[in-house]
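Structural overview for review
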Amino acid sequence: TPPSLATKVRQNTRTRTPGGDVTSSLKPLVSSSGSSCAISCQPVTAVVERVEIQKLRQGENLILGFSIGGGIDQDPGQNPFSEDKSDKGIYVTRISPKGPADLAGLKIGDKIMQVNGWDMTMVTHDQARKKLTKKREDVVRLLVTRKSLEEAVKQSKGCYHKP
């Protein structure tokens, strides 16, 4: 019998209102149930979160309040946030306390998968920076992951469906 992946993927949407309040909702995106696993294998959860950041205007500048690292042109071995040292993804490396990203719920170590619908999984560091800092966009909508789906698959190896 082929391995069965008992994985739940959830979407957590956080939005900051103009008054500064953060609203959050959690709903299942994909749910695979009905499998039982070997003794050491538990169902795993990969969290995919949508984070909406309202940029802060300071004169001519629009501030996001976070820094990034990574990209296909960078050395993935230098990425402290990825266990897979071949991962060339874009990661959040710094958050300004009480800044727009902090208030929206972004976390250090988040892997940025999309920016305003644009795929960020195979971009250079500079391409990622440019997508995030477009001057004509007051809001940045991110799709981030905190626990990669690839890791969930690795953890579930050896987990078989028992009828």
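An unreviewed UniProt entry lists the protein chain under the name Tax1-binding protein 3, from Oreochromis niloticus.

A look at the side chain of Asp110
Its location among the elements puts Asp110 in the loop between helix 1 (100–104) and strand 8 (111–115). Residue classification places Asp110 among the buried residues on the basis of a relative accessible area of 2%. A polar side-chain atom of Asp110 sits 2.6 Å from a polar atom in the side chain of Arg146. If we skip the residues at most four places from it in the chain, Asp110 touches Ile90, Tyr91, Val92, Val144, Thr145 and Arg146.

Quick notes on the environment of Arg141
If you trace the backbone, Arg141 turns up in strand 10 (residues 139–145). For the pair formed by Arg141 and Ile53, sequence separation is 88 residues and the distance between their alpha carbons is 6.4 Å. When sequence neighbours within four positions are dropped, the list of residues in contact with Arg141 reads Val51, Glu52, Gln114, Val115 and Asn116. A polar contact is formed between the side chain of Arg141 and the side chain of Glu52, at a distance of 3.2 Å.

Thoughts on the packing of aromatic side chains
Evaluated as defined, the whole model comprises zero aromatic pairs. Geometry around Trp118 places Lys131 over its ring, the cationic atom sitting 3.6 Å from the centre.

Considerations on unusual backbone geometry
The backbone of Lys98 shows a phi angle near 65 degrees, a positive value even though the residue is not glycine. The phi dihedral of Asn116 falls on the positive side, at around 50 degrees, and the residue is not glycine. According to the relative accessible area criterion, Asn116 is partly exposed, its value standing at 25%.

Considerations on the nonpolar core
Counting 20 residues, the largest nonpolar core has Ile53, Phe66, Leu106, Ile112, Leu132 and Leu142 as the members making the most contacts within it. The set of elements that each furnish at least two residues to this core consists of strand 3 (44–54), strand 6 (66–70), strand 7 (90–95), helix 1, strand 8, helix 2 (125–132) and strand 10. Not counting chain neighbours up to four residues away, the residues in contact with Phe66 comprise Ile53, Val92, Arg94, Ile95, Ala101, Leu106, Ile112, Leu132 and Leu142.

Rules used in this analysis
- Residues numbered from 1 in each chain as written.
- Predicted model: local features only at pLDDT ≥ 70, side-chain atom pairs only at ≥ 80, totals over all residues.
- Heavy atoms only, no water.
- Helix = DSSP H or I, 4+ residues; strand = E, 2+ residues; numbered from the N terminus.
- Buried < 20%, exposed > 50% of the residue type's maximum accessible area, 1.4 Å probe, protein only.
- Polar contact = N/O pair within 3.5 Å; in protein donor to acceptor, adjacent residues only side chain to side chain.
- Contact = heavy atoms within 4.5 Å.
- Phe/Tyr/Trp six-rings, centres within 6.5 Å; stacked < 30°, edge-to-face > 60°.
- Lys NZ or Arg CZ within 6 Å of the ring centre and 35° of its normal.
- Core = buried A, V, L, I, M, F, W, Y, C linked by side-chain atoms within 4.5 Å.

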